Amino acid sequence: MRHQKVWTIAGAVAVATVAGAALSLAQTRPDNTPRDAAGAPIIRPGIAAFAAPPRSRLDWQGAVGGLRQSGGASESLGANLDRAEVDRTAVPILLPRDAKLTAGARIYSFGDYYTITADTAGGGVSLSGTTAIVPLPTNKPLKIEDGPEMLTVQRTVDGQLASFVRYGVLYTVEIRCDAPTDPRCADDNYVLGLVGKTSAVVMGAAARAAAGLGG
């Protein structure tokens, strides 16, 4: 039963992308949906209807507290990110307190979720945040830690991925290694250390407006 409370960013992004694509097509193509005499749409067998995934409620008060605790670190660490993408992001962005990782980082924002990627020697790091809630299959192999943030760790094909919930947002931290023997990916020690560093809160215009701080 515990696994049903765990969420995954990959699934969230996939579902959100499909739902967004379906919405986009509906807005740009004429409505040729067959309808009955009363005007109701006729649903044919085998045609799936896409629905946007449910969203969690954000704890803006907690996020603002995190922003204040981050102090100048949030500005200095986020200075290298594309400001337009940061401003488009409507959730608090979490960055690791490691200037080397954020120096060449790239952010891709989709409003209520984002992905940040950074290259490292022999691999790469990805950071993500989303409000989409997608249940993980019960047979998914995970290491689940006790605690309010529901920290989970799982082995991936080429590394380690950790996820946790903070401020009502599902965040993930992933390390990928080019070499299977790379010690950073051999166990979860490195990714858990990176989770511990990922505490600097950055808010762009959209997030600040939602938090009541102004644009």
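That block above? That's the structure.
The notes below deal with the structure included here. (Residues numbered from 1 in each chain as written. Predicted model: local features only at pLDDT ≥ 70, side-chain atom pairs only at ≥ 80, totals over all residues. Heavy atoms only, no water.)

What follows covers the overall build of the protein chain. Check the secondary structure of the protein chain and you find 8 helices and 9 strands. Counting over 215 residues, the protein chain shows a buried share of 44%. In the protein chain, the share of contacts with a sequence separation of at least 24, taken over all contacts with a separation of at least 6, comes to 61%. Of the roughly 11,500 Å² that the protein chain leaves accessible, carbon and sulfur atoms contribute 57%. (Helix = DSSP H or I, 4+ residues; strand = E, 2+ residues; numbered from the N terminus. Buried < 20%, exposed > 50% of the residue type's maximum accessible area, 1.4 Å probe, protein only. Contact = heavy atoms within 4.5 Å. Areas by Shrake-Rupley, 256 points an atom, 1.4 Å probe, with all protein chains shown as cover.)

A few words now on the pattern of salt bridges. The full count for this structure, using the stated rule, is 6 salt bridges. Here R83 makes a salt bridge to D87, at a shortest N to O gap of 3.4 Å. Note that R83 and D87 are positioned in helix α4 (residues 83-88) at a spacing of 4 residues, about one turn of the helix. R83 sits in the partly exposed class, given a relative accessible area of 41%. Using a relative accessible area of 27% as the deciding quantity, one classes D87 as partly exposed. For D98, the salt bridge is made with K197, and the minimal N-O distance between the two is 3.9 Å. Taken together, the positions of D98 in the loop between β1 (93-96) and α5 (99-103) and K197 in helix α7 (residues 189-197) put the pair 99 residues apart, joining distant regions of the chain. By relative accessible area, which is 41% here, K197 ends up partly exposed. (Salt bridge = Lys/Arg side-chain N within 4 Å of Asp/Glu carboxyl O.)

Once that is clear, we can look at α7. Every buried residue of α7 is listed here: V191, L194 and V195. For α7, the angular spread of buried residues about the axis comes to 105 degrees, placing them on one side. In α7, the exposed positions that point more than 90 degrees away from the buried face belong to N189 and G196. (Arc of directions from axis to C-beta.)

The subject of this paragraph is the side chain of T156. Topologically, T156 is positioned in the loop between β6 (152-155) and β7 (159-166). Among the polar contacts made by the side chain of T156, one reaches the main-chain amide nitrogen of G159 at a distance of 2.9 Å. Those residues in contact with T156 that lie beyond four places of it in its chain are L161 and E174. (Polar contact = N/O pair within 3.5 Å; in protein donor to acceptor, adjacent residues only side chain to side chain.)

Ranked by size, the top nonpolar core spans 41 residues in total, and within it I93, L95, I116 and M203 carry the most contacts. With 5 residues, the single largest contributor to this core is strand β8 (residues 169-177). With sequence-adjacent residues up to four places away left out, I116 is seen in contact with L81, I93, L95, A105, R106, I107, V125, S126 and L127. (Core = buried A, V, L, I, M, F, W, Y, C linked by side-chain atoms within 4.5 Å.)

Turning our eyes to something else, we now look at unusual backbone geometry. One non-glycine residue, M150, lies in the positive phi region at around 50 degrees. Even without glycine at this site, Y167 takes up a positive phi of about 60 degrees. With respect to the helices and strands, the residue Y167 is situated in the loop between β7 and β8. Given a relative accessible area of 16%, Y167 falls into the buried group.

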